[in-house]
Amino acid sequence: MRKIRLRTKFLLSLLAISAGLTAATLLIVSYSVQNRVRESIREGLRNSVDTYQSFEKQREESLTRSAELIANLPNVRALMTTEDPVTIQDASEDVYRLSRNDLLVLANRAGIVSGLRTSALGLDRSTAQDLLRRSLDRGESRDWWFGGGHLYEVWIQPIYFGAPSQHTTIGLLAVGHEVDERAARDFSNIASSEVVFHFGDIPVASTLAAAQQSDLAHQLSGTARNLSGTPREIQLGAERFVVATVSLSPEGGPAVSLSVLKSLDKATSFLGGLNHSLMGLGLLSVLAGSVLVFLISHTFTRPLASLVGGVRALEKGDFSYPLESSGGDEVTEVTGAFVRMRAHMEKSQNEQRQLEERLRQAHKMEAVGRLAGGVAHDFNNLLTIIRGNSDLLIDREGSDNFHRRCVEQIQKAAGRAVSMTRQLLAFSRMQVLQPRVIELNTIVAEMGKMLPRLIGEDIEYSFMPDPLLASVKADPGQIEQVFLNLAVNARDAMPNGGNLTIQTTNISIDEGEAEKRPPMTPGLYVLLSVTDTGHGMDDATKTHIFEPFFTTKEVGKGTGLGLATVYGVVKQSGGFIWVISSPGKGTTFEIYLPQVSGPVPKFDLETKPSAIPHGSETILVAEDEAGVRELACQFLRVKGYTVLEAKDGREALEIATKHSGPIHLLLSDMVMPKMNGGELAGRLKAIRPKIRVAFMSGYSEFSRGEMGSEFPRAPVLQKPFSPASLVGIVREALAESTTDQSTKTIESRVT
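Let me begin by describing the structure that accompanies this report. (Residues numbered from 1 in each chain as written. Predicted model: local features only at pLDDT ≥ 70, side-chain atom pairs only at ≥ 80, totals over all residues. Heavy atoms only, no water.)

## A closer look at helix H2 (residues 74-82)
Just so we agree on the cut-off: Summary of the burial criterion: residues with accessible area below 20% of their type's maximum are buried, those above 50% are exposed, and those between are partly exposed, where the area comes from a 1.4 Å probe applied to protein chains only. Counting from the N terminus, the helices are DSSP H or I runs at least four residues long and the strands are E runs at least two residues long. Arc definition: directions from the helix axis to the C-beta atoms.
Regarding H2, the residues found buried are Val76, Leu79 and Met80. Viewed along the axis of H2, the buried residues span an arc of 95 degrees, placing them on a single side of the element. Immediately beyond the C-terminal end of H2, within one or two residues, lies Glu83, with a positive phi of roughly 55 degrees.

## Focus on the pattern of salt bridges
To be explicit about the condition: Only one rule defines a salt bridge in this text: a Lys or Arg side-chain nitrogen within 4 Å of an Asp or Glu carboxyl oxygen.
Inspection of the entire model under this criterion finds 19 salt bridges. Measuring nitrogen to oxygen at the nearest pair gives 3.1 Å for the salt bridge that ties Arg46 to Glu39. Classification of Arg46 by relative accessible area gives partly exposed; the value is 29%. Classification of Glu39 as partly exposed rests on a relative accessible area of 36%. A salt bridge links Arg142 to Glu153; the shortest N-O distance between them is 2.7 Å.

## Comments concerning empty space enclosed by the protein
So the rule is basically this: Here the term cavity refers to a set of points on a 1 Å grid, laid over the protein atoms alone, in which a 1.4 Å probe fits but cannot get out; the term pocket refers to an open set having protein on both sides within 12 Å along at least five of seven lines, with lining residues being those that place an atom within 4 Å of a point. Grid points are joined across faces, edges and corners, and a volume is the space filled by probe spheres set on the points. Under the convention adopted here, Pro, Cys and the residues Ala, Val, Leu, Ile, Met, Phe, Trp and Tyr are nonpolar, Asp, Glu, Lys and Arg are charged, and Gly plus all remaining residues are polar.
This structure, assessed with the given rule, holds 2 cavities of 30 Å³ or more. Approximately 40 Å³ is the volume found for the second largest cavity. Along the walls of the second largest cavity sit Leu440, Ile479, Val482, Leu528, Val570, Ile591 and Leu593, which together make up its complete lining. For the lining of the second largest cavity, the secondary-structure elements that each account for two or more residues are helix H13 (476-493) and strand E17 (587-596). Across the lining of the second largest cavity, the residue classes break down as 7 nonpolar, no polar and no charged.

## With respect to a nonpolar patch on the surface
Applicable threshold: Within this analysis, patches are made of residues with over 30% relative accessible area and no salt bridge. Like charges are joined at 9 Å or less; nonpolar side chains (Val, Leu, Ile, Met, Phe, Trp, Tyr) at 5 Å or less. Here the accessible surface of atoms and residues is derived via Shrake-Rupley with a 1.4 Å probe, and residues count as covered only by protein chains that are part of the display.
A grouping of Leu382, Ile386 and Ile410 is seen on the molecular surface, where their side chains present a nonpolar patch of about 240 Å² in accessible area. When you line up the elements, Ile410 lands in helix H11 (residues 401-427).

## Overview of the sheet that holds strand E10 (residues 256-263)
Note the threshold: By definition, two strands form a pair when at least two bridges between them are found by DSSP. Throughout, an axis means a line fitted to C-alpha atoms (over the contacting stretch in the case of helices), and angles, computed between N-to-C directions, take values from 0 to 180 degrees. What makes two residues a contact is simply this: any of their non-hydrogen atoms within 4.5 Å.
Pairing within the open sheet is antiparallel, and its 5 strands lie in the order E7-E6-E10-E9-E8. Strands at the two margins of the open sheet, each flanked by one partner only, are strand E7 (202-206) and strand E8 (232-236). The sheet shows a mean angle of 35 degrees between the axes of neighbouring strands, direction not considered. Two elements, strand E6 (residues 194-199) and E7, share 4 bridges in a ladder whose sense is antiparallel. When the sheet's bridge partners are listed, Phe197 is paired in E7 with Ala205. Where helix H6 (residues 210-220) meets the sheet, it contacts E6, E7, E8, strand E9 (239-247) and E10, and its direction lies at approximately 135 degrees from that of E8.

## Thoughts on the sheet that holds strand E4 (residues 150-160)
In spatial order, the strands read E2-E1-E5-E4-E3; together these 5 strands make up an open sheet with antiparallel pairing. Only two strands of the sheet have a single partner each, and these edge strands are strand E2 (113-118) and strand E3 (142-147). Strand-to-strand twist in this sheet, taken as the mean axis angle between neighbours without regard to direction, amounts to 25 degrees. As defined by bridge partners, E4 adjoins strand E5 (residues 169-179) across 10 bridges and the pair is classed as antiparallel. The residue of E5 that forms the bridge with Val154 is Gly176. Where helix H3 (residues 85-99) meets the sheet, its contacts fall on strand E1 (103-107), E2 and E5, and the angle it forms with E2 comes to roughly 40 degrees.

So this is what it looks like as structure tokens:
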């Protein structure tokens, strides 16, 4: 022992101490891992329960909203007013398909079930009646129903006659989602756990084996059931599980619960092999560490520590952590590579955030556009009724000046509403355009003649056209509206005067330039730029300027539809719009329209409209909106036509079958319940081959696509319409041959 060197003694002592510490550490680690596994399983079960409860809240909000929307459907209200159980049961099939639920119940105001539809057999009407009565007695709008071996989560919604605030109930709607084996498997995949749904002590849906289900039901039965969601260990056969059980039913309702289980034996089965591996690795680590103690120096470990600090900072999102890099060894090379990788990751994350923000903005604009188009479509029907009846009132003989002025005010208000509706349609890209090949310089030059009076004398206007400017294809009226809206926006941005510059030029966009301005695509464009020297906009304002009803102006000085209209017209014309602005440095709007080739047609000046012609033919009018239908029929009867009225396609077919005389023309709305206009026209052609066809439409999305291939050239009347435009399209359809009808969409211009 005396001949052993001091370094060897140190190494032997280090080995003994390291071995003892390693063994103790491994035992502690093994014990900690087992506890950690248990705690992890418990935490996982709690998270699974929280996930299901969060999912239930989201589904409750979604299905409650869905039930409200279905209950407010006109056809559902009309169906419930019949109070005929047979009719309600027969018609409930369409409502059931529309709801996309597993259960649909329609009941009268007294709670008597009149219609029942389910996705699976077993639940009969008497059971549904009893379950509905129990839910109503408890005052629950959300409840659990169990019948015929099926468990349903049910939402109950009153069906009101009129506005819900009037509390005039005409019936009840109940929709339900079935909790079955598929639902259990789906949630099991999400939670990575075994799942069991119980109704009382009865397992309804489960991912466990039958024997395990029975054993679990026995252990959780009666007072042993713990519905607080606290995890606990149980033994199912030869396997240990950790289970958490929560109640899903409201207080006082049926006993519905969810049990989530994770196998403790499977989770800890790896510990035996892990212990042996850790022992071997620990021994090797002790030996290797003893050798490396004499080889590692402070100079070598310092840059490594700096690099580790950089990695940890990168995990927390810090890309600016300083790193030590000196010399030319491998550690320096690794540090340099890490710096380059970190810079690339920072750039990629910034680009990803920008792309995500653009995608969210595009989805938001698309959703708002769809909503705006739908609102404008319904509003067009109301404007048709308002404008049409005011036309009838103003033409009425014997009206005094006071009543005439009142009607004129109604017409002016309706005209402003029509203008706003057109802006909504333009934004949502559902407006009916009449594109043609145009010269942009000519339109801007003509509009520039009236522009000084619009923007004021304190704003200097200049136009710099490209003499070799290419042609574009667009609706000239809408391009004029775009130009005026941008000019008015520039004027409002320069309250103390300034400069307004309009410039046109040909431009070619390559792939590199297009990537800087998504979603532009490479190609040849005509650029129209509108630049002002106003107060400009910050980035937050630029994010929202094309959204409808967003405005930075004072109340009463802007509707927030000007730039939304510009955006919609440009997009519908196949172009792109870009805004460059910063506070105090003015604003430039750049509009890119695709270049086209071809001659620019010349058009004659508009002539004064002629008197509305009379007629004597028989016309079948099919329109589901009662006010629009009555108004159109009134217009036609005043002009001498014989009119047959139908509220939908089926009634129109019945009238055409029973009518003994000729029917010269079908005037049909494009979108109606039970049967659309295109299908109606095709079936009428089969029984009356000589009948002519014309359509009415609320917006352009249904102007062509829904007519079918049999009537691609039928004229279309755009709502809201005037008496002149209605009678005009009727005369056009009657005057021309069936095979040579012109492809037009008539849009009433209310003045």
